[in-house]
Amino acid sequence: MSLPLTLGLLVLLAVLGLRWRRREAALRQELDALTERLHELGARMEADEQDLADALSSSGVAEQLLLEKGIADEDEMEAVRRRLDAEGGPREGDDALH
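In this convention, every chain numbers its residues from 1, walking through the sequence in written order. Selection of residues for local features in this predicted model requires a pLDDT of at least 70, selection of side-chain atom pairs for listing and counting requires 80 or more, and totals for whole chains, interfaces and linings are taken over all residues. Based on all heavy atoms of the structure, the side-chain values leave hydrogens and waters out of the count.

Under the scheme used here, helices are H or I runs from DSSP no shorter than 4 residues and strands are E runs no shorter than 2 residues, and both carry numbers assigned from the N terminus. Expected span of a helix: the number of residues minus one, times 1.5 Å. Spanning 13 residues, helix α2 (residues 74–86) covers 18 Å between terminal C-alpha atoms, matching the ideal 18 Å at 1.5 Å per step. Structurally, the start of α2 carries an N-cap: the backbone nitrogen of D75 is 3.2 Å from a side-chain oxygen of D73. Just downstream of α2, G88 is the residue with a positive phi angle, here 85 degrees. Here a polar contact is recorded for every N or O atom pair within 3.5 Å, except that within protein the pair must consist of a potential hydrogen donor and a potential acceptor, and residues adjacent in sequence are included only if both atoms are side-chain atoms.

Right under this line is the structure:
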């Protein structure tokens, strides 16, 4: 191989290597940002799950209180459940109003 061709190939390989490293660094930075975002979303999801559990617990307490005080009876509670299901509210099995 001639010297100019060898030098040309070395320059080409060096340029490609530098471009590859820049691309790798950019992708690594993007991956780090996505990882951080995923952790943030996971934390928000956990907080939302806790809020939902608290709301379900509160609704259960409210239902029990209504029944114990005689303000509502089982038939009325069941009618509310059916109405909510028909309106797209909490679904049976979601532990809503139970």
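Past the structure itself, the notes keep going.
Moving on to the side chain of E63. With respect to the secondary-structure elements, E63 resides in helix α1 (residues 3–68). Within the structure, E63 has its side chain in polar contact with the side chain of R81 (distance 2.4 Å).

Here the focus is the pattern of salt bridges. Think of a salt bridge as a Lys or Arg side-chain nitrogen and an Asp or Glu carboxyl oxygen that are within 4 Å of each other. Counting across every chain of the model gives five salt bridges. Ionic pairing is found between R81 and E63, a salt bridge with its closest N-O pair at 2.4 Å. Placement of the pair is R81 in helix α2 and E63 in helix α1, with a sequence separation of 18 residues. The buried category is assigned to R81, whose relative accessible area is 8%. When its relative accessible area of 6% is taken as the criterion, E63 is described as buried. When the shortest N-O distance is used, the salt bridge between E78 and R81 registers 2.9 Å. Placement of both E78 and R81 in helix α2 is noted, with a separation of three residues, approximately one turn of the helix. Three exposure classes are used, based on accessible area relative to the maximum for each residue type with a 1.4 Å probe and protein chains only: buried under 20%, partly exposed in between, and exposed over 50%.

Patch definition: residues with relative accessible area over 30% and no salt bridge; like charges joined within 9 Å; nonpolar side chains (Val, Leu, Ile, Met, Phe, Trp, Tyr) joined within 5 Å. Reported accessibility uses the Shrake-Rupley method at a 1.4 Å probe radius. Residues are deemed covered only where the shown protein chains occlude them. A surface patch of nonpolar side chains, amounting to about 770 Å² of accessible area, comprises L3, L5, L7, L9, L10, L12, L13 and L16. Mapped onto the fold, L16 is located in helix α1.

This paragraph deals with α1. When the terminal C-alpha atoms of α1 are compared, their 96 Å separation across 66 residues agrees well with the 98 Å that a helix rising 1.5 Å per residue should span. The first or second residue beyond α1 is G70, which carries a positive phi of 75 degrees.

So, about the packing of α1 against α2. Relative to each other, α1 and α2 sit at 145 degrees, their axes nearing to 10 Å. Touching E63, L66 and L67 of α1 are E74, M77 and R81, all from α2. Each residue receives one of three labels: charged for Asp, Glu, Lys and Arg, nonpolar for Ala, Val, Leu, Ile, Met, Phe, Trp, Tyr, Cys and Pro, and polar for the others, Gly being one of them. Broken down by class, the residue content of the contact of α1 with α2 amounts to three nonpolar, no polar and three charged. Comment: axis = line fitted to C-alpha atoms, over the contacting stretch for helices; angle = value between 0 and 180 degrees taken between N-to-C directions. It only takes one pair of heavy atoms within 4.5 Å for two residues to be counted as in contact.

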